Amino acid sequence: MNSFVSRKRRRISPSPIPVPATTDYITAPTVMGNDDTDFKLALLSSLHPEIQQNVLLDVLLAHDGSVEDASASLNTRPSESPKKPGTIGYQSSLSSFISPNAIGEPSKRVRPLSKKGKTLHLYSPDDVAAHTPCSIIHNFLPAEEANALLEELLVEAKSFEKMTFKLFDNVVQSPHTSCFYVESLKEEESQKMEYIYNGDRLTDIRQLTPQLRKTSPKVQEAVNSEVRTRIKTHYPNGQKLRYQSTTLWKPNAAFVNCYNGGAESVGYHSDQLTYLGPRAVIGSISLGVAREFRVRKIIPQDADTKLRTKESGDEAGQIAIHLPHNSLLVMHAEMQEEWKHSITPAAAIDPHPISGNRRINITYRHYKEELHPKYTPKCKCGVPTVLRVVQRKKENWGKYFWMCYAGNVPGKEGCDFFEWAEFTAEGVPVWKRRKGSEGEKED
């Protein structure tokens, strides 16, 4: 089990040390002060010599320093498979180490476990749902369907390309290859002629493959079920978030990414909301090699805060979610506004019998008709604008705005267009009337 990476040992307050009745009695002197934690850990280690010290410390802390309770929980937990050195590990649920009355009701707020500068590794679906803005379903598709989808997309991925765009006046390429898929020929033509990404048009847009088309209804059903559960068990008073849509989530587009080897990755980012709207939900299938999906919560800062540093971006720590072959990760409505996510480089990976060192990732999305480029504001460059949200500054945190991103295209300059965006409580855009604009609309 991996827990916090490289951390200082925390002190547990002195308390009597009862010994489980199921073990031999161990005579030891009373130890106080800083040595108290070490003594309790040593005692627990003598009772469970097969378990690593960092795991024992986590369990001891989870039971407020009670050796008896910690040992009892370890005696009842499921056995673990040994971890291979240098590869992605496996871990049973953190909740299996904690008694039911210590966990609390699912609808109650869970105390964050991630700490500044540390990485918490999660593998269990229960832990992922409790401590991140995501939920995960393992073995999502029947094994033969997952393998067929993987094999089909590995063939497709041979012609995938890296995206090129401008970042801070530098022309850069995405660190992995990708392609965009839509449902029909009509939508394919519309995407090529009308939609804008990173200030420019996409040229490689394809129709859903047979296996992608077969999988879409299953993703739709699973994601909508997970969203209903999320609202009921994690949101205040069991109510949807403000700006979260009440309509059925229906995937009508998909980005397919290919990560060839452990070095190919993607840095921390939030997905664009321009055609998805506020509080977007995304369903993401992982196939082939298992990789780490990391998330970190964005901590808003005061207006007078100095330039953001790398350390301030890690203020709340990181959480690493293990994404095995044939898993469906649901990024819920709070994800894109309040968190950032990444695929971290992997020093070592376990090759997959079908894909070798490659990972295929499918992100299903619900493009909304009311956010078609014919409705969205155009900047002074004449290009449809991008929808963004204030994430870093407390003053306007959570407010949406439209801005120019024509300058993202290498060789082009953008403009200073800016406009606050308005939405109903259900996330429907409220358009300002513009003279002569196509699809003129006002709610």
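Before reading further, recall that the structure is shown in the block above.
We now turn to the structure provided with this report. Every value quoted in this text rests on a predicted model; they were computed, and no experiment measured them.

1. Digging into the pattern of salt bridges
A complete count under the given rule lists 13 salt bridges for this structure. Note that Glu-156 and Arg-206 form a salt bridge whose closest N and O atoms lie 2.9 Å from each other. You can see Glu-156 sitting in helix α6 (residues 143-157) and its partner Arg-206 sitting in strand β6 (residues 205-207), a full 50 residues away along the chain. Since its relative accessible area comes to 22%, Glu-156 is described here as partly exposed.

2. Observations concerning the environment of His-48
The topology assignment puts His-48 in the loop between α1 (35-47) and α2 (53-62). With relative accessibility at 4%, the residue His-48 sits in the buried group. When the C-alpha atoms of His-48 and Ser-71 are compared, they prove to be 7.8 Å apart, with 23 residues separating the residues in sequence. Contact partners of His-48, with chain neighbours within four places excluded, come to Leu-56, Ser-71, Leu-74 and Asn-75.

3. Some details on the state of the cysteines
Counting across every chain of the model gives zero disulfides. Sulfur of Cys-404: no disulfide; nearest cysteine sulfur belongs to Cys-379 and is 3.7 Å away. Taking relative accessible area as the criterion, Cys-404 reaches 8% and is therefore assigned buried.

4. Notes on unusual backbone geometry
With a phi angle near 60 degrees, Asn-237 is a residue other than glycine that sits in the positive phi range. Its location among the elements puts Asn-237 in the loop between α8 (210-234) and β7 (253-260). Despite not being glycine, Tyr-243 shows a phi value in the positive range, around 80 degrees. Relative to the elements of secondary structure, Tyr-243 occurs in the loop between α8 and β7. By relative accessible area, Tyr-243 is classed as buried at 17%.

Basis of the calculations
Residues numbered from 1 in each chain as written. Predicted model: local features only at pLDDT ≥ 70, side-chain atom pairs only at ≥ 80, totals over all residues. Heavy atoms only, no water. Salt bridge = Lys/Arg side-chain N within 4 Å of Asp/Glu carboxyl O. Helix = DSSP H or I, 4+ residues; strand = E, 2+ residues; numbered from the N terminus. Buried < 20%, exposed > 50% of the residue type's maximum accessible area, 1.4 Å probe, protein only. Contact = heavy atoms within 4.5 Å. Disulfide = S-S within 2.5 Å.

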